[in-house]
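Structural overview for review
Listed below, chain by chain, are the residues.
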Amino acid sequence: TFKTIGVMGAMQEEITPLLEIFSQHRAEKVGNNTFYIISFKNTTLILAYSKIGKVHAATTASIMILRYGVEALIFSGVAGGLATDLEINDLILATKLCQADVDLSAFGHPLGFIPESSVFVESDKTLNALARGVARSLNIELKEGIVATCDQFVNNPEVKQTWNQIFGAAVVEMEGASMACICRDFNIPFCVLRSVSDKANGEAPADFDLFLHESAKISAHFVYTMLERL
Ligand code: SAH
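Residues numbered from 1 in each chain as written. Predicted model: local features only at pLDDT ≥ 70, side-chain atom pairs only at ≥ 80, totals over all residues. Heavy atoms only, no water.

As enumerated under the stated definition, the model contains eleven salt bridges in all. Between K3 and E71 there is a salt bridge, and its shortest N-O distance comes to 3.8 Å. Of the two residues, K3 is situated in the segment before β1 (4-9) and E71 in the loop between α2 (54-66) and β5 (72-81); the sequence distance between them amounts to 68 residues. A salt bridge links K143 to D90; its shortest N-O distance comes to 3.1 Å. You can see K143 sitting in strand β8 (residues 142-149) and its partner D90 sitting in the loop between β5 and β6 (91-99), a full 53 residues away along the chain. (Salt bridge = Lys/Arg side-chain N within 4 Å of Asp/Glu carboxyl O. Helix = DSSP H or I, 4+ residues; strand = E, 2+ residues; numbered from the N terminus.)

Structure (structure tokens):
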């Protein structure tokens, strides 16, 4: 059991469903982010959205760990589907995550590799097992796959196919691997849940706008059930 648990999303819309559930909270500003402090059963939850992208996610994850002392970190949000069997609103648990836009191939490194780091960062087995248990008992289909993280919104079938092939990625988003690297470096267990808001193709921007709220809720409510059982 953890005394302090962090939950983060990238966009306000991704944490709003949780803020509505945890309507009793205290807000604190650190830098340009707001952190919501919540008493829940015997634990303290720290809830925040980072803003979009790897830099913001890394900062928020670092603040969660170094300032608030979270002992576990859960990401809840939406992603673009890369795998052809994924449909909008499907829920995905990240098995491992990579920074798909990292390219040091000029030095002979594989795509996604940074020296003293690794292409993939694996999520925590115990938290993932908890997620599977929640899915089973709620009778929710929880898919699992590799998450590709990059600082761009993918709405291009070629990029989509390339990252699916190179990294075996099931979904693409803009924060997960960044949070994962911070958690790995500080030895903090983490997991990443993402609901599919679009298929990273030509229709992605319109689909994203259409499904953001609904998808974000699916992931947030799932994470809430995980928190109830932690
Ligand atoms: N609507 C925003 C931009 C959203 S960026 C605006 O108006 O500026 C997309 C967000 O959702 C990111 O936080 C990312 O993690 C996730 N995401 C969903 N679909 C994605 C896709 N196809 N490519 C990359 N990120 C995606």
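So, about the pairing of strand β9 (residues 169-173). For β9, a buried count of five out of five residues is recorded, marking the element as mostly surrounded by other parts of the structure. Judged from the two bridges that link them, β5 and β9 form a sheet pairing that is antiparallel. The residue of β9 that forms the bridge with G81 is V171. (Buried < 20%, exposed > 50% of the residue type's maximum accessible area, 1.4 Å probe, protein only. Pairing = 2+ DSSP bridges.)

Moving on: the packing of aromatic side chains. According to the stated counting rule, one finds six aromatic pairs in the structure shown. Pairing F40 with Y224 gives two aromatic rings, centres 6.0 Å apart and planes at 45°, and the pair type is tilted. Taken as a pair, F40 in strand β3 (residues 33-40) and Y224 in helix α6 (residues 204-229) lie far apart in primary sequence, 184 residues in all. The two residues F40 and Y224 agree in class, both being buried. With centroids separated by 6.5 Å and ring planes inclined at 85°, the aromatic side chains of F120 and F167 adopt a geometry described as edge-to-face. With F120 in strand β7 (residues 120-122) and F167 in helix α4 (residues 157-167), the pair connects residues that are 47 residues apart, well separated along the chain. For F120, a relative accessible area of 26% translates into the label partly exposed. Here F167 falls in the buried class, since its relative accessible area comes to 5%. (Phe/Tyr/Trp six-rings, centres within 6.5 Å; stacked < 30°, edge-to-face > 60°.)

Right, let's get into the site of the ligand. Taken together, 18 residues sit near the ligand, with V154, M174, E175, D198 and F208 positioned nearest. Contacts to the ligand include D198, whose side-chain N or O atom sits 2.6 Å from a nitrogen atom. Coverage of the ligand by the protein chains reaches 77% of its 570 Å² of free accessible surface. Under a 2 Å grid-point criterion requiring more than half of the atoms, the pocket assigned to the ligand is the largest pocket. Looking at the shell around the ligand, the elements with two or more residues in it are β5, β9 and β10 (190-198). (Near = heavy atom within 4 Å. Polar contact = N/O pair within 3.5 Å; in protein donor to acceptor, adjacent residues only side chain to side chain. Areas by Shrake-Rupley, 256 points an atom, 1.4 Å probe, with all protein chains shown as cover. 1 Å grid on protein atoms, 1.4 Å probe; cavity = no way out; pocket = protein on both sides within 12 Å on 5 of 7 lines; lining within 4 Å. Sits in = over half its atoms within 2 Å of the grid points.)

Once that is clear, we can look at the layout of surface pockets. Taken as a whole, the largest pocket encloses approximately 220 Å³ of empty space. Taken together, 18 residues form the lining of the largest pocket, with V78, F153, E173, M174 and F208 sitting closest to its centre. Among the secondary structure elements, those contributing two or more residues to the lining of the largest pocket are β5, β9 and β10. Residues of the lining of the largest pocket, tallied by class, amount to ten nonpolar, three polar and five charged. (Points joined across faces, edges and corners; volume = space filled by probe spheres on them. Nonpolar A, V, L, I, M, F, W, Y, C, P; charged D, E, K, R; others polar.)

A few words now on the pairing of β6. Most of β6 is tucked away, with seven of its nine residues classed as buried. Of the pairings in the sheet, the one linking β6 to β8 comprises seven bridges and is parallel in character. Each bridged residue has a counterpart across the sheet, and for L97 the counterpart in β8 is V147. Two elements, β6 and β10, share three bridges in a ladder whose sense is antiparallel. Directly across from L93, in β10, lies its bridge partner L193.

The next thing to look at is the packing of α2 against helix α5 (residues 176-185). For the pair α2 and α5, interaxial distance at closest approach is 8 Å and the crossing angle is 35°. Of the two elements, α2 crosses α5, and the hand of that crossing is right-handed. Together, K54, A57, A58, A61, S62 and I65 of α2 and S178, M179, I182 and C183 of α5 make up the contact between the two elements. Considered class by class, the residues forming the contact of α2 with α5 number seven nonpolar, two polar and one charged. (Axes fitted to C-alpha atoms, helices over the stretch in contact; angles between N-to-C directions. Left-handed = near helix turned anticlockwise from the far one by under 90°. Contact = heavy atoms within 4.5 Å.)

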